[in-house]
Amino acid sequence: MPLSLLADRAAERWPVKSYISIIASLSMGKRPFSRKNCNIFCNLVAFSRFGRQIRGTGGPGGQRFGKGQAPAERRTPPDGKTPSTDGQRPADGQPPQDAGDTAAAVDSTATVFASGTADTPALHSLRRNATICSSKPPPPDVLPANMRKKAFLMSMNTVPERLAALRAAMQANGVDVYLIPVGDPHSSEYLPDHYTSLTYFSGFHGENSNFVVTMTESAVWADGRYFVQAEKEIAGTEIQLMKMGEPGVPTVEEYCAKVVPEGGKLGLCGLTASCALVNSVKKALETKNAAIQTLFLEDELWTEGRPALPATPAWILPKEYAGFSPAEKLGQLRAKLAELGCTAQLVGKLDNLAWLLNLRAMDIECTPYAMAYCYVTPDRAVLFIHTARVTPEAKAELEANGVTLAEYDSVLGFMAAETEPQTVLAESATVNYAVYQVLENNAALTVKDLADPLLPMKGVKNEVELTHDKEAHLRDAVAMVRFQIELEKRLEAGEELTELTVDEILHKYRSATDKFIVESFGTIAAYGGNAAMMHYHATPEDHAKLQRKGFLLVDSGATYMDGTTDITRTYPLGELTEDERKFYTWTLQCHIDIAKAVWLDYCDCHMIDTIAREPLWQHLINYRCGTGHSVSFVGNVHEGPHALNGRNTTLMRPGMIVTDEPGVYETDLVGIRIENELVCVHKADNQYGTFLGFEPIMFVPIATSPIVPGVLTKDELDWLNNYHRQVFEKLAPRLNDEEREWLAKKCAAIGC
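Since this is a predicted model, take the numbers as computed values, not measurements.

**Comments concerning the sheet that holds strand 18 (residues 524-527)**
Point 1. Strand order in the open sheet made by the three strands is 18-19-22, with antiparallel pairing throughout. The open sheet has two edge strands, strand 18 and strand 22 (567-572), and neither has a second partner. Recorded for the sheet is a direction-independent mean angle of 10° between the axes of neighbouring strands.
Point 2. Looking at chain direction, strand 19 (residues 551-556) and strand 22 are connected through six bridges and run antiparallel. Opposite Leu-552, over in strand 22, you have Tyr-571 as the bridge partner.
Point 3. Helix 19 (residues 499-510) contacts strand 18, strand 19 and strand 22 of the sheet and is inclined by roughly 45° relative to strand 19.

**A word on helix 23 (residues 737-746)**
Point 1. Looking only at helix 23, the buried set comprises Glu-739, Trp-742 and Leu-743. Buried residues in helix 23, looked at end-on, bunch into an arc of 100°, giving them a common side. Counted as exposed and oriented over 90 degrees from the buried face of helix 23: Asp-737, Glu-741 and Lys-745.
Point 2. Backbone nitrogen of Glu-738 and a side-chain oxygen of the N-cap are separated by 3.2 Å at the start of helix 23; the cap is Asn-736.

**Re unusual backbone geometry**
A negative phi holds for most residues other than glycine; trans holds for most peptide bonds.
Point 1. Of the consecutive residues Gly-640 and Pro-641, the connecting peptide bond is found in the cis state with omega at 5°.
Point 2. Relative to the helices and strands, Pro-641 resides in strand 25 (residues 639-644).
Point 3. Even without glycine at this site, Asn-289 takes up a positive phi of about 55°.
Point 4. Here Asn-289 lies in the loop between helix 9 (275-285) and strand 8 (291-294).
Point 5. By relative accessible area, which is 59% here, Asn-289 ends up exposed.
Point 6. In this model, Asp-668 sits at a positive phi of 65°, which is unusual for a non-glycine residue.
Point 7. A residue is classified by how much of its surface remains accessible, and Asp-668, at 54% relative accessible area, is exposed.

**Some details on the nonpolar core**
Point 1. If you look at the biggest cluster of nonpolar residues, it comprises 76 residues, and the most contacted ones within it are Phe-211 and Leu-266.
Point 2. Per element, the largest residue contribution to this core is six residues, and it comes from helix 16 (residues 433-441).
Point 3. Sequence-distant contacts of Phe-211, that is, excluding residues within four places in its chain, are made with Leu-163, Tyr-178, Leu-179, Ile-180, Leu-198, Phe-201, Ser-202, Ser-218, Ala-219, Val-220 and Ile-239.
Point 4. If you look at the next biggest cluster of nonpolar residues, it comprises 74 residues, including Ile-485, Ile-505, Tyr-527 and Leu-588.

**Description of the side chain of Glu-677**
Point 1. As for its placement among the helices and strands, Glu-677 is situated in strand 29 (residues 676-686).
Point 2. One buried charged residue, Glu-677, remains without a salt bridge, the closest side chain of opposite sign being Lys-461 at 8.0 Å.
Point 3. Reaching out from Glu-677, the side chain makes a polar contact with the side chain of His-473 at a distance of 2.8 Å.
Point 4. Glu-677 has contacts with His-473, Thr-564, Thr-565, Asp-566, Val-631, Ile-657, Val-658, Thr-659, Glu-695, Pro-696, Ile-697 and Met-698, leaving out every residue within four places of it along the chain.

Quick notes on the rules
- Residues numbered from 1 in each chain as written.
- Predicted model: local features only at pLDDT ≥ 70, side-chain atom pairs only at ≥ 80, totals over all residues.
- Heavy atoms only, no water.
- Pairing = 2+ DSSP bridges.
- Helix = DSSP H or I, 4+ residues; strand = E, 2+ residues; numbered from the N terminus.
- Axes fitted to C-alpha atoms, helices over the stretch in contact; angles between N-to-C directions.
- Contact = heavy atoms within 4.5 Å.
- Buried < 20%, exposed > 50% of the residue type's maximum accessible area, 1.4 Å probe, protein only.
- Arc of directions from axis to C-beta.
- Polar contact = N/O pair within 3.5 Å; in protein donor to acceptor, adjacent residues only side chain to side chain.
- Core = buried A, V, L, I, M, F, W, Y, C linked by side-chain atoms within 4.5 Å.
- Lys, Arg positive; Asp, Glu negative; His and termini not counted.
- Salt bridge = Lys/Arg side-chain N within 4 Å of Asp/Glu carboxyl O.

Listed below in structure tokens is the structure:
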């Protein structure tokens, strides 16, 4: 059945059924949606519902109009998606041209900050013109991740031309330097495509980055995960690569202070830059007596082919999975705020908001979150969201839990007009500069810059979450086993497979369950030297064929109704070099050492991180990334507050989940990573203190054939054999006879 027809049926049922149940009932488990189709379907449902309203065949208030006629009332579709007409923008006042599909020109007005002084940005309305129509190929906002890079490149011009346009706009606005961070209004790690301005202007696809442009030069910052990728993506441009943390490499603040002229101005968008970043840059500029000016140059220049602001259907994760209702979690937050001497908080980070209200959507690819804010006081909770996309059941449940709804675009005006005195907690590291300025400029509000209490609250999983999460990981492990069996069979049969085939096979098995929602991130299937790029993604235009030699690294995961997973295995496909076997064995030692680690509870994450690195350090090798990160429950594959790296000082506590993923990355030669998810557990209390440790929650065989004999210690061998015993015990009852026989071989004990 075509997706468009499924979406039309879903639109009929949307008022009475949740978004997830629609997908489950319509797919019927026979032909599950692909990741691409799932994302497209989300958009089509809302678009179809909107089309019914404006044609008078759907919800209340519908308007009828014929082809070529504009609706009586201009409005934004509930899903916020406004596809282009094959790159052709209609003339002002004229309807878009189509091939028989209903079309409507629409304007949307969003309240945002205009250019103003660094301390007192002004409010104004920013108009965005777009077109609703059916067009092929699909617009960039519904393209799968591995095709989106091409869409960016095709959208307008080349990087040099975009930089030239940016510099012209800088000159027109009187700024000498312009800063574009990786960011959105919610300090998200993974961004809605609408906010990928850094990629648009630089060509670099990466996280945790900043891009600085002057009238004569430009530079992009990348951390160790992206050194190789960044070099490839900016090759041939003027852009300098700043390798973060490397000797002699300036920070973005140091660089800005160097290049800004005396008494000059640095421009940035206050909505996409965190307050902490702006304040640190502002302090660095003091030596030059330079100022910061908030502008919207990204919005002014990136108009052609830009994905619309997301607004997918919003729904509520049931308490049976979440453990607590929104009202109960709001009570927990209010109690914590009182302990901190605060009475209110404007919750802006999407992962925190998702946890607090059990709110889910699909506004970010592979991440089931909704673009929203929530203002919490002792007796109020106001959710700022595009209300048209909140399902009726979700709206009713939120209201029953003491949450009222307001439009997303009204948040700044609402906070500016607040007259009830409150002491508002706002963490400058996660609150955007524009929001922070509004809070500070309201005399009724006293702002406290404190660490967000929601981070540790959601970081420690409750017992209900843990129970469900463990079940989700076992279901995911079965999918991984079936994937490996099929991969091996097809390779042995001589079939030509590529990195793209890996994603297809994985999706087939993961999506076969009715609790599957979406992949938790774009699958990293990297063969040979491609795996040296930690976040490599194969595309239809650029991918490798699998050969019967070397390693295939597969980093993947899924989000189910009952948990989120992340796992990496490095598979030997045939003959290996001596170095490949050594690198694999040393990586496995690192993985085992952190998995079996025991520590006193005063040890923080950066201290635990060093435990994993010692086997590689012995050979003067290191990996330029952390050892592990936290994973959300039915949410982002990366979350805080804890992470195993050299900077994180969070204390691990029982119930916290973290990945264990050391690796070796040799440019253009090989990449090796072995990853499980671990849960922190209490070991013992005695006269020496409280001891903590880890237990695995992911149970998938680890390849033993590449291990160099005689390298693993007895303790490491015991851990590996015991782990494989658990893998077989937990998965065997879920497999058929042929699969169990295969698993028994993979889990066989080794003695070398």
